[in-house]
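# Per-entry structural report
The residues making up each chain are set out below.
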Amino acid sequence: MPEPAKPAPRRFNVEIPTDLAATYANFAIISHSPWEVFLDFAQILPNLPKARVRARIVLAPANAKML
């Protein structure tokens, strides 16, 4: 019995704007609810007792699992 044909992989272009500033992070916090997953990226500086979150990404749980 022949195997079913595999669908062709989907291709798309990803555009990164030239004026998009990079953000340095040396600490990450992952939290979630049943509906959303939060990825917080932060910077911790030496001798300071706190971290400052520089970027927050919110994902659906299915997308977070694929990540």
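Residues numbered from 1 in each chain as written. Predicted model: local features only at pLDDT ≥ 70, side-chain atom pairs only at ≥ 80, totals over all residues. Heavy atoms only, no water.

### Side note on unusual backbone geometry
Rules: To qualify as a helix, a DSSP run of H or I must reach at least 4 residues; to qualify as a strand, a run of E must reach at least 2; elements of each kind are numbered from the N terminus. In this scheme, a residue with accessible area under 20% of its type's maximum is buried, one over 50% is exposed, and one in between is partly exposed, where area comes from a 1.4 Å probe on protein chains only.
You will see that Asn47, though not glycine, has its phi angle at about 65°, which is positive. Its place among the elements puts Asn47 in the loop between β2 (37-44) and β3 (51-59). Under the relative-accessibility criterion, Asn47 is labelled exposed at 78%.

### Let's talk about the sheet that holds β2
Condition: Being paired, for any two strands, means DSSP has found at least two bridges between them. Think of each axis as a best-fit line through the C-alpha atoms, taken over the contacting stretch in the case of a helix, with angles from 0 to 180 degrees between the N-to-C directions.
Sheet architecture is open: three strands sit in the order β1-β2-β3, paired in antiparallel fashion. The open sheet has two edge strands, β1 (27-32) and β3, and neither has a second partner. Within this sheet the neighbouring strands show an average axis-to-axis angle of 20°, counted without direction. Inspection of the sheet shows β2 paired to β3 by eight bridges, in the antiparallel sense. Bridge assignment links Ile44 to a residue of β3, and that residue is Ala51.

### Considerations on the side chain of Asp40
We apply this condition: By the criterion applied in these results, polar contacts are pairs of N or O atoms within 3.5 Å in which, for protein atoms, one can donate a hydrogen and the other can accept it, and in which residues neighboring in sequence qualify only through two side-chain atoms. Every residue pair with non-hydrogen atoms within 4.5 Å of one another is taken to be in contact.
Inspection of the secondary structure assignment puts Asp40 in strand β2. There is a polar contact of 2.6 Å between the side chain of Asp40 and the side chain of Arg56. Once you skip the residues sitting within four places of it in the chain, Asp40 turns out to touch Phe27, Ala28, Ile29, Val53, Ala55 and Arg56.

### Looking at the pairing of β2
Along β2, six of the eight residues are buried, which leaves the element largely enclosed by surrounding structure. Here β1 runs beside β2; their pairing, made up of six bridges, is antiparallel. When the sheet's bridge partners are listed, His32 is paired in β2 with Val37. In this antiparallel pair of consecutive strands, β2 and β3, the connection spans six residues, and Asn47 shows a positive phi of 65°.

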